[in-house]
Structure formats: C-alpha cells, structure tokens
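# Structural characterization, general
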Amino acid sequence: MSALLKPRSEPRRNFKYVGQRPIRHDGPDKVTGRANYGADFTLPGMIHGVVVRSPHAHARILSIDTREAEAMPGVKAVITGADIAQNRAQVSMGEGSGDMHDVSENCLAHGKALYHGHVVAAVAAMTLTQAQAAARLIKVQYEKLKPVLDIESAIAPGAPILHDHLRTEGRAAGAPDRPTNIAARAVLERGSLEQGFAAADLVIEREFRTRMVHQGYIEPHACVARYSPDGQVFIWCTTQGPFQVRGACAAVLGMDLGRIKVVASEIGGGFGGKTTIYLEPLAVALSRKASLPVKMVMTREEVLRATGPTPGSRTRIKMGMKKDGRLTAASVTMHCESGAFAGLAHRSTAMCCLSAYRIPNFFIESHSVLTNKPKVAAYRAPGAPMAMFPVESLLDEFAQKLGMDPIDLRLLNAVEEGDAAPYGPKYGPIGYRETLQAAKSHPHWSAPLKPNQGRGVAAGFWFNAGLNSSAVVTLDADGSAAVVTGNPDIGGTRAAQAQMVAEELDIPVERVRPSVGDTDSVGYTDVTGGSRVCFATGMAVIQAAEDVRRQLCARAAKIWNVEAEAVTWSEGAAHPPASLDKKPLSLKELAAQMARTGGPIIGRASLSAPAAGPAFAVNICDLEVDKETGVSRVVRYTAIQDAGKAVHPSYVEGQMQGGAAQGIGWALNEEYRFDAEGKMENASFLDYRMPVASDLPMIDTVIVEVPNPTHPYGVRGVGEVPIVPPLGAVANAMARATGVRFTELPLSPMRVLEGLDAKG
Amino acid sequence: MSRLHVETTVNGEAAEFLCEAQENLLTALRDRLGLTGSKEGCGTGDCGACSVLLDGRLVPSCLVLAAEARDRQVTTIEGVAEGGKLHVLQQKFLEHAALQCGICTPGFIVAAKALLDRNPDPSEEEVRYWLAGNLCRCTGYDKIIRAVLDSAAELRKEIA
C-alpha cells in the first residue's frame, strides 16, 4: 500500500474530496459486464467488414482484381486504394503523427505495400464469414522488393528506399538532397564536448539496443460506421480521442468534418496506441459504398502485425564524470526505428535522454529511421524509456566504479527548480530530488538481498502535456450535478473529475455523474494522452464547476435583491453580505429554485492548458537470476513518483503499478521478432509474452507530492512516466546480480546465458 | 449454409440459438444471445478475457465450440451478481480499484470465482498462478490479487 509523503510546501488548500478513494462511477458497469467497448456495439442492418493485408514486407502493388470477391453472395462493398484519394493534409493527432499522407497511407496502401500486414483492400458482407471468404478471393499482384529490416541496412548507402519523396527533416547542413530512409534528425547541444570530456576523470562509452514492443492493450481496435445518404457520418469506435478520429477521417476521406459525429466507446486500454486511426475510414468508405452500417473488429494477430508498436532503438552513448561523481559531458547518438512511416521519436528521445541531470556539456542527436515494419504509434511516454535506459545504465556503472550509492550519485547530478532542461526551458518546481530521497529512505533500499539476487535503481522523466480541453457541468434541481468532458476514460479519470466537481461545489462525490461526451456534445478536446486528462481536462472541470458556483451566487443575489459581487460562497452555500439579515442559501436550496430564478444552470469551461509540470519517477527492482537457465524473476519492486497532488490515490498507484509491469515486460520478455522476409514471427499473445500475474510480485508504491504551480490543486500528469524507469531498474538489477552489464533488451534467458558465458 | 440449433442453460436460464458449425461459444454468447460482457482479446485462449464457466469449469469461451454448450450449464459475467446484488468479488474489485480500463475485468472475476468456489483460502501464490491465464495490461495485477485475497477472506467470514 502506498505511503503519502508530506509535500515540500504546504498544499494550497485543504481538500474534502480530492485525495479520497471513492468507488469509481463507471465501476459497477465494468464488474458486471454491462460496459460497452468497441466490439460490443451494433446498429440495425449492420454488415461486417474485413481487410486484406499484404503478405510481403515491401512490394509494389501491380494490380488488384476484386471481381470474384464482389460476385460472392452477401458481399456489399469492396474498396482498394482507388477508393480513397491520397492526401497530404496536416491534422492534430495529439501525441501521434499529424501527417495525413502517412496516416492515410497506413490505413490503406496506394501503390506500394510497406510492411507485412499493410492493408491493400477491404470488403464488407452480410456476415463475417462471407466477408472473410470474399477477402480470400481478392487477387493482388505484387512485385516483391527487398525489405529493409534493421537500422543498419536502412541507413547503409544504396539501401532500398521506402518513400521516394522522403528527405531528412532537420538534416545537417550540406547533407545531400536525395531520397533516404532517415526521416528526421533532431539535435540538441550545450557547452563544449571537448572541454567536458577533458575535465572528466572517468569516461564510459557503450552501445545500447531496444526492440519494438507493443502497447498490448487487451481490447483490439473496433468500430461501427454508418454513412447516411444525406452525407452524415456516425462512427462508434474505441479510441483515446474521438475528436482526432473525426478530424483524421475527414482529412483521409476528404469529407466535411462537420458532418461526422464520433462516439467513443468504453476503451479497453490504449497506452498511446489508440491515438490514431486504422479501421475507421475504411468502415466509413465501405458503408458509403454499401449504404449499410459496417462493423470492423481486428483480430489479435492483426493488432500485433499492423498497429502500435513503439520504435526499436540503437544508442551510442559516452558520458564523462569527475571522481566526486559530478557529470561533465555526455554525447548521445540515437537511431529510432519508426517502421514504414516517419515517427516522432527522434524529437522526444533527444529531449528526454538527459533531462533528469545537470550536464554542462552535451551533444545529442537522434534520428527516425524507416524500415519495412509496422508504423510506430505513441506508447506511454513515447521515446523516453529507450532514451533514458542507456543513461540510467551508465550512471549505475559510474556508481559501481566510484563505489558510490547510485541514488546518491543521482542526487548529486539531479535537476531541480531553475535548471534549464536540455531542450531549453527552465524547470519550475519539480520533484526529482524528493523522489530520489523517498527512494533512499524506503525500507526496500536497505533490505538485505539473498544469493543470486541483485538490486537496481533507475529514474525516469516525462514532460507531460497540457493541450486543449473542454468541460460542461450541469446542475440538477435535486442538487446533484453532471460533468461531461471529451476524454475517453482509460484509468479512472471520470472518478477524479467527479471528485473535482464535488470539491468545488461541496456535494458528495456520489452526487456527481461524470461522463464522456461525443464530438457533438462537448467542446473540442485533445486526446486522452500525454498524462493530460487529470491535469488539463481536470482544470477545465474545476473552472466549469466554478462557473456553476458563480451562477449560484448570482441567483442568491437575485433572491436577496443585492449585487452579485456582495454574495460569497463557502461551505457549499451562498452567504449574504454582513449587512443583510438572511440565512445562507445552500446549493441544494438554490438548485431547487433554479426554474424560478433564471432557468437551468450550466457551467462551462474551455482552455488551452499551460505547459504541464514534468513528472519524475524512481523505481527499485530486486531481480533473482537462475544462472543455470538464464531465467530471471522480479522478487521485489517499488515505484516512487511525484504526482503533484494525487486526486484519487488508488488510480495514481494503479498507473505506477501498471507502468512498472509494462516496463518489466519490455525489459525481460517483450520484443517483436521478424523473419528474414520481414514477417512478424510472434504475432499472438502466446508468443508475444506480456507479464502475467505469476511473473510479478506486489508492486509497492510511494506517491510524492510536490505541487505543480500551473494547476489549482497542484496536480501533475501521472500516467506515462511510470514506464520510464523500469528498463534501467531491471537492467541495473541484472548487472548487480550477474556482474555482467547487459546493453540489449529484452533480457531473455538466452541473452542472459550468452552474457554469463562470455564472462566465463 | 445450414445452422445448428443449440439448447443450453446460460446463467440459470434456458437459452437457445442457431450457430454455424465452426462458431465458438464466445461469438454465440456475444452475437446470438447479446451477452457482450465476455470479451475477445485474442481468440486463441491466451488472454482470458472471454472466461466463462462450463458446468462449473473455467474455460476460455473462444476455444469452446458454440455447439458444445448443448445441454450444459454456462455461467458468464452477467450471471455472477445474484438478484441485483454484486458478488463479493465484484464489490472488492471496486473497493480495491482493481480495474482501470476494465476490459479484462469480467474474465478476471469469472476466473477468480472459479478459484474461490474450489479453494476458499488460497495463498497469494495460488491466486497468481490460477489467474496466470488472464492478461491485464493496466494494473500490474497488484490490486487484482489484493481484491481476490480480500474477497476470499470476506467469503470465509460469511461462511463462519
């Protein structure tokens, strides 16, 4: 169970509902099976769509013959690239890619299949069985091209080129203007590397690798789309951002955004992977052609082959340190494998890798490199885990060489308020030092270890996002309230929003009904991502509730016949000016009189949130290694994180525990494996091995609260940073347990045995 | 295509449906009977989101043919609460915040019920191994395990 540490400064206010652990409002539906997810929805007359996927990782599409499929009984529509025009519009997709050419091309290939599993056609029929049978009859002629399957061959001179139009965004001055597989390059620098390394007493240089891994949400992508003869489009789908689905579908299909309504279902996990579109525009196009609603649901195999993953990476890193443990210089060169289309990892990896430390001299360059593999999607703190794993590994090695406590070494170099981030701005109040100190004083850090066990520690940084949010709070005559926002609730945000309304209006949290609106019922809202919902949308909720309170004061003023400014609000009631001999009017009393004092009360707010306060986390991992088999097991794990202010501590702990488990999977088991032709070899949950209950111990949590001054309650995002420390924490534990410094993930038994053998 | 007529018992009530010969029980429950509480996460028996009880035995309904339900007793998540009252497991999952996105929750509750029906006093390790066939990507399992252990303790109190 979590211990709540005292914040550095007193909280700005005392809370009555925030910080409590109420039962989530959507919980009863979820424990009884009533909640409706993407695949749980039907429309009258609905038919079923499936896609045809490329069996080649890289191939020119010479022809597609759909005649036989179209003649099959029950088939109502077949589409190919010819049915959806290519498009170059830019649309905001939150954390995801905004290039509609890439998004559109990834939904349905035009001319070239760029990875095994790339969609080349789709078919809709009366039954799923008919659609599947028809799909097998669509004849695609391919000219096979040599696939590019790793970073080295993608950037080698003369490599097969995925996109002839592509030039390196941000390429170095003087770089040749010719097609390339290096989609983009980001550079950050400070000071002088030469002087920095000259001042160092110790220099360590190593190369690290991580593989593509999948977000692993348990709910496959699913949607139902209906195109009406008058051009109105209705889409039901599982997504982290209904507004982004609307915008992206409009752009991909060349449709009027104002005619598309998107309803987000309950969402069965996303972790960034549901911030983009896959099936939605295909279902709309099929529905348009068939004049019937179309349902499409991916299989797990399709999810693994053609959605998600996070980039694989190669990092060359060199760091210099004084004998006293102070860092003097760092040089980082990263290549991130973004699959068949440009990704954003070059930017976030460059910005994240050194963000936790004061380093006077550094040079960072990071690249997005294209390979014939699925297009990467955001995955929880996208880029940060693989960017920080090499840094956290080297720090552990420095600590070993200097005989220093690795937490002390981090404390010596940790950024704090006023330090400049490598990407420019100065940090406001951040909780990295407090988080490190909490780790050091946790009993786990000093507990004895058993034979064959090692203890690793590592830290993580994540920016957190602000972006755009809207909220509406409506008051009912019985004094209850409803709150509507546009963010699908993945991890308990509705409960947190209800707590905020309860706090502002001083009504029991059970009297607040939180819900997720569709794109017609609430103002534009950016994705559920960037750890922004509790922070930014929460701020909109607080402001909307304040708006209700203001209106209640105005109603009381009207009843008392005084100026609205003379009325004050406290303890859930409007108070008259001292000069007036009247009893305060409670929210309930005012609500009951709404109809007579001016009509229903609706509070609303919309905002573009300021830069969110960055989040820091520290994890401690005890690993036990069987040196005969190479099998390792996490035997104790503690996650410590600065949440600013935990609105619903249980769900903050849940984020920390879930992120830790995902990170442990990334470190120990998970990886995309491809054969020589570029076909994913482990496209099932049996072979893509995510942690199960028997793989893990309890995951202890400590919530640190260093209030974030940009939020009225001090909240900072909590959802993403939990996945950043585990890679380093597990790898450092492995190094301490075995005496071997592993630089490549996952730490599978085979790799561990090879490392142990090499050590001798 | 000819369809099979299947008469069965679902959550204590007589039920019947027509299905294709190759159709699995999960599809029949969801698409024929409208019981969408059982979820498909993989279709290969690896994630446990479709867990149901067949004559009291825990099975992934995606690996059972719909026709195999003939004359059997099927219990789904919709049948776990009795008479509108949540089962102890359901209540404890809520109290312990043992769900985030909730897609795996029906499967976990059905699987945990199968465990507690057999073993009222499981150890943490027994719970972890029994539930190893159910994937959760959100919680790291911690709160799920606590909810199941607490449910077992509560049920023992009720019996005592």
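This one's a predicted model, so the numbers in the text were calculated from it and none came from an experiment.

### With respect to the overall build of chain B
- Across its full length, chain B holds five helices and five strands.
- For chain B, the sequential pattern of α-helices and β-strands runs β-β-α-β-β-β-α-α-α-α.
- For 160 residues, the compact-globule estimate of 2.2 N^0.38 gives 15 Å, and the C-alpha radius of gyration of chain B, at 16 Å, lies within 12% of that figure.
- Projected onto the principal axes, the alpha-carbon positions of chain B cover approximately 50 × 35 × 25 Å.
- Long-range pairs, those at least 24 residues apart, make up 60% of the contacts in chain B with a sequence separation of at least 6.

### Digging into the overall build of chain A
- When its secondary structure is counted, chain A shows 21 helices and 27 strands.
- Here the C-alpha atoms of chain A give a radius of gyration of 27 Å, agreeing with the 27 Å that 2.2 N^0.38 yields for 760 residues.
- In terms of its C-alpha atoms, chain A occupies a principal-axis envelope of roughly 85 × 75 × 50 Å.
- Scored against the burial criterion, the 760 residues of chain A give a buried share of 61%.
- Expressed as a percentage of contacts within chain A between residues at least 6 apart in sequence, the contacts between residues at least 24 apart total 80%.

### Examining the environment of P576 of chain A
Residues and elements named next belong to chain A.
- For P576, the position within the fold is in the loop between strand 22 (573–575) and strand 23 (585–586).
- Here P576 falls in the partly exposed class, since 19 other C-beta atoms lie within 10 Å of it.
- Separated by 80 residues in the primary sequence, P576 and A496 place their C-alpha atoms 31 Å from one another.
- Filtering out sequence-adjacent residues up to four positions away, P576 remains in contact with W560, V562, V567 and K582.

### So, the packing of helix 2 (residues 88–95) of chain B against helix 3 (residues 105–118) of chain B
All names here are of chain B.
- The contact between helix 2 and helix 3 brings their axes to 10 Å, and the two run at 130 degrees. Judged by the inter-axis angle, helix 2 sits oblique to helix 3. In this structure, helix 2 meets helix 3 at a crossing whose hand is right-handed. Two secondary-structure elements touch here, helix 2 through L89, Q90 and F93 and helix 3 through T105, I109, A112 and K113.
- Broken down by class, the residue content of the contact of helix 2 with helix 3 amounts to four nonpolar, two polar and one charged.

### Concerning unusual backbone geometry
Residues and elements named next belong to chain A.
- Look at the link from L745 to P746: it is a cis peptide, with omega at 0 degrees.
- Tracing the chain through its elements places P746 in the loop between helix 20 (725–738) and helix 21 (749–759).
- Positive phi, normally seen in glycine, also occurs at L467, with a value near 65 degrees.
- Structurally, L467 is set in strand 18 (residues 467–475).
- Positive phi is not limited to glycine here, since D506 has a value of about 55 degrees.
- Positionally, D506 belongs in the loop between helix 15 (493–505) and strand 20 (512–516).

### Quick notes on the interface of chain B and chain A
- Taken together, the contact between chain B and chain A spans 43 residues of the former and 43 residues of the latter.
- At the level of secondary structure, the elements contributing two or more residues to the side of chain B that touches chain A comprise helix 2, helix 3, helix 4 (124–130) and helix 5 (142–159) of chain B.
- Take the side of chain B that touches chain A: its biggest share by element is four residues, from helix 2 of chain B.
- The residue makeup of the side of chain B that touches chain A, split by class, is 22 nonpolar, eleven polar and ten charged.

### Focus: the sheet that holds strand 20 of chain A
Residues and elements named next belong to chain A.
- One open sheet holds the four strands; their spatial order is 20-19-18-24, and the pairing between them is mixed. At either end of the open sheet lies a strand with only one pairing partner, and these are strand 20 and strand 24 (602–609). Neighbour-to-neighbour, the strand axes of the sheet open up by a mean angle of 15 degrees, direction not taken into account.
- Looking at chain direction, strand 18 and strand 24 are connected through eight bridges and run antiparallel. From the neighbouring strand, A471 faces strand 24, where its bridge partner is A605.
- Strands strand 18, strand 19 (481–485) and strand 24 of the sheet are contacted by helix 16 (residues 533–560), whose axis makes an angle of about 145 degrees with strand 24.

### Looking at helix 16 of chain A
Residue and element names in this part refer to chain A.
- Here helix 16 spans 39 Å end to end across 28 residues, near enough to the 40 Å set by a 1.5 Å rise per residue.
- Where helix 16 bends most, at M539, the angle is about 25 degrees.
- The buried count for helix 16 comes to 20 of 28 residues, which makes it a mostly enclosed element.
- Immediately downstream of helix 16, the backbone of N561 shows phi near 60 degrees, a positive value.

### A look at the nonpolar core
Residue and element names in this part refer to chain A.
- If you look at the biggest cluster of nonpolar residues, it comprises 298 residues, and the most contacted ones within it are V123, I235, L282, V501 and V730.
- The greatest single-element share of this core, amounting to 14 residues, is contributed by helix 16.
- Aside from chain neighbours lying at most four places away, what touches V501 is V473, A481, V483, V512, V541 and A545.

### Focus on the packing of helix 3 (residues 100–107) of chain A against helix 7 (residues 242–253) of chain A
Residues and elements named next belong to chain A.
- Interaxial distance between helix 3 and helix 7 falls to 10 Å at its minimum, and their mutual angle equals 80 degrees. In terms of orientation, helix 3 lies roughly perpendicular with respect to helix 7. Seen from helix 3, the contacting residues are M100, V103, S104 and C107; seen from helix 7, they are A248, A251 and V252.
- Among the residues making up the contact of helix 3 with helix 7, the classes are represented as six nonpolar, one polar and no charged.

### Quick word on the domain arrangement of chain A
Residue and element names in this part refer to chain A.
- Taken as a whole, chain A is organised into domain 1 (1–9 + 405–412 + 428–462 + 614–760), domain 2 (43–145 + 215–306), domain 3 (148–213 + 309–404) and domain 4 (466–609).
- Placing the centre of domain 2 and that of domain 3 at their C-alpha centroids yields a distance of 34 Å.
- Contacts between domain 2 and domain 3 engage 20 residues on the former and 17 residues on the latter.
- Of all the elements in the fold, those that place two or more residues in the side of domain 2 that touches domain 3 are helix 3 and helix 9 (300–306).
- Among the residues forming the side of domain 2 that touches domain 3, the class breakdown is six nonpolar, ten polar and four charged.

### So, the domain arrangement of chain B
All names here are of chain B.
- Along its sequence, chain B is carved into domain 1 (4–79) and domain 2 (88–159).
- Taken together, the contact between domain 1 and domain 2 spans 13 residues of the former and eleven residues of the latter.
- Top element by residues in the side of domain 1 that touches domain 2 is strand 3 (residues 51–54). It accounts for three residues.
- The residue inventory of the side of domain 1 that touches domain 2, partitioned by class, reads seven nonpolar, five polar and one charged.

### Digging into the environment of D675 of chain A
- Checked against the element boundaries, D675 of chain A lands in the loop between helix 19 (649–668) and strand 27 (699–704).
- Taking the C-alpha atoms as reference, D675 of chain A lies 36 Å from S531 of chain A; in sequence the two are 144 residues apart.

### Thoughts on helix 15 of chain A
All names here are of chain A.
- Helix length check: helix 15 (13 residues) gives 18 Å between terminal C-alpha atoms against 18 Å at 1.5 Å per residue, within 8%.
- Most of helix 15 is tucked away, with 13 of its 13 residues classed as buried.
- Positive phi appears at D506, one or two residues downstream of helix 15, with a value of about 55 degrees.

### Structural notes on the sheet that holds strand 21 (residues 568–570) of chain A
Residues and elements named next belong to chain A.
- Strand order across the open sheet formed by three strands is 21-22-23, with antiparallel pairing between neighbours. Two strands bound the open sheet, and with one partner strand each, they are strand 21 and strand 23.
- Bridge count between strand 21 and strand 22: three bridges; the pairing is antiparallel. Looking across to strand 22, one finds that W569 is bridged to A574.
- Across the face of the sheet, helix 16 comes into contact with strand 21, strand 22 and strand 23 while running at roughly 50 degrees to strand 22.

### Concerning the environment of A340 of chain A
- Here A340 of chain A is to be found in the loop between strand 15 (327–337) and helix 10 (345–352).
- Not counting residues within four places of it along the chain, the set of residues in contact with A340 of chain A comprises L114, Y115, L162, L370, N372, K373, P374 and K375 of chain A.

Analysis parameters
Residues numbered from 1 in each chain as written. Chains lettered and ligands numbered in written order. Predicted model: local features only at pLDDT ≥ 70, side-chain atom pairs only at ≥ 80, totals over all residues. Helix = DSSP H or I, 4+ residues; strand = E, 2+ residues; numbered from the N terminus. Rg over C-alpha atoms; globule rule 2.2 N^0.38 Å. Contact = placed C-beta atoms within 7 Å. Buried ≥ 20, exposed ≤ 12 C-beta atoms within 10 Å, placed from the backbone. Axes fitted to C-alpha atoms, helices over the stretch in contact; angles between N-to-C directions. Parallel < 35°, antiparallel > 145°, perpendicular 65-115°, else oblique. Left-handed = near helix turned anticlockwise from the far one by under 90°. Nonpolar A, V, L, I, M, F, W, Y, C, P; charged D, E, K, R; others polar. Pairing = 2+ DSSP bridges. Expected span 1.5 Å × (residues − 1). Bend = angle between axes of the 7 residues up to and from the residue. Core = buried A, V, L, I, M, F, W, Y, C linked by C-beta atoms within 7 Å. Domains from an automatic or database assignment.

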